[in-house]
Amino acid sequence: MSRGIKDDLRVALGTAVRAFQRAVDALDEAVAAHLGINRTDLRCLDVLIELETATPGLLAERLGLTTGSVTAMLDRLERLGYLTRSPDPADRRRVIVRPTASAVAAAMDIYGPLAAAGDEVTARYTAADLRLVIDYLDRGRALQEEHAARIRSLPRRPR
């Protein structure tokens, strides 16, 4: 039985998504190496720059890490000058983490040209097209998160 055009397009979409994921992975690897950090540290900086401020607990939640791992990571990133920690003025028992101006500048130097080129790519799509792409990415992200949780709950395979 032959496949239909929609089946062919679904296969092509799956292939394109896998290639896109590999390209994003290669970019992240290059950025982390350029900044002298590991990939988890890069994910932390990404979340922190997006949020502007966060507590270590929120970072642990967003990154799926233990609070102990986050403390060690924040120590590394603070030593490198990528973030600061200060007491929360509303609750001095809590710590607020912020990216430094140099971390934000480094991110802009690296990602600014990518964002500008991305603007050129998205300019060719209609508003309806962009809404469709956003919907696909949102649903795809939710699917990835759901299956990441499922996989984490599986027993570890013996080595």
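Whatever comes next refers back to the structure up there.
Summarised in this report is the structure supplied together with it. Starting afresh in each chain, residues are numbered from 1 along the sequence in its written order. Under the rules for a predicted model, residues below a pLDDT of 70 receive no local features and side-chain atom pairs below 80 are neither given nor counted, while totals for whole chains, interfaces and linings still include all residues. Where side-chain values are given, they derive from all heavy atoms of the structure, hydrogens and water being excluded.

## Quick notes on unusual backbone geometry
Which entries qualify depends on this criterion: Counting from the N terminus, the helices are the DSSP runs of H or I reaching at least four residues and the strands are the DSSP runs of E reaching at least two.
In the Ramachandran plot, Glu52 falls in the positive-phi region, its phi being about 75 degrees despite a non-glycine side chain. Summarising the element assignment, Glu52 is placed in the loop between α2 (39–51) and α3 (56–63).

## A word on helix α1 (residues 5–35)
The following threshold applies: Expected span of a helix, by definition, is 1.5 Å for each gap between consecutive residues, and there is one gap fewer than residues. What makes two residues a contact is simply this: any of their non-hydrogen atoms within 4.5 Å.
Between the first and last C-alpha of α1 there are 44 Å, a value that for 31 residues agrees with the 45 Å anticipated at 1.5 Å per step. Buried-residue contacts for α1 involve α2 and α5 (101–122). Once α1 finishes, Gly36 follows within two positions and takes phi at roughly 75 degrees, a positive value.

## Overview of the nonpolar core
Generally speaking, nonpolar side chains in soluble globular proteins are found buried as a group. Cut-off, in case you're wondering: The criterion is simple. A nonpolar core is a set of buried Ala, Val, Leu, Ile, Met, Phe, Trp, Tyr and Cys residues joined through side-chain atoms within 4.5 Å. Note on exposure labels: buried denotes an accessible area under 20% of the residue type's maximum, exposed denotes more than 50%, and partly exposed covers the range between, all computed with a 1.4 Å probe on protein chains only.
Of all hydrophobic cores here, the largest spans 22 residues; its most connected members are Leu35, Ile37, Cys44, Leu59, Leu74, Leu77 and Tyr82. Mapped onto this core, the elements with two or more residues apiece are α1, α2, α3, α4 (67–79) and α5. Those residues in contact with Leu77, other than ones at most four positions away along the chain, are Ile37, Asp41, Cys44, Leu45, Tyr82 and Leu83.

## Quick word on the packing of α2 against α3
Going by this rule: Angular values range over 0 to 180 degrees, each being the angle between N-to-C directions of two axes fitted as lines to C-alpha atoms, with helices fitted over their stretch in contact. For classification purposes, an angle smaller than 35 degrees is called roughly parallel, one larger than 145 roughly antiparallel, one from 65 to 115 roughly perpendicular, and anything else oblique. Throughout, a crossing is termed right-handed when the near helix is turned clockwise from the far one, and left-handed when it is turned anticlockwise from it by less than a right angle. For this scheme, ten residues count as nonpolar: Ala, Val, Leu, Ile, Met, Phe, Trp, Tyr, Cys and Pro. Four count as charged, namely Asp, Glu, Lys and Arg, and the remainder, Gly too, count as polar.
α3 packs onto α2 with a crossing angle of 120 degrees between their chain directions and a minimal axis gap of 10 Å. Relative to α3, the element α2 is oriented oblique. The interaxial crossing formed by α2 with α3 has right-handed handedness. Residue-level inspection shows Arg43, Cys44, Val47 and Leu51 of α2 in contact with α3, the latter providing Leu58, Leu59, Arg62 and Leu63. When its residues are assigned to classes, the contact of α2 with α3 shows six nonpolar, no polar and two charged.

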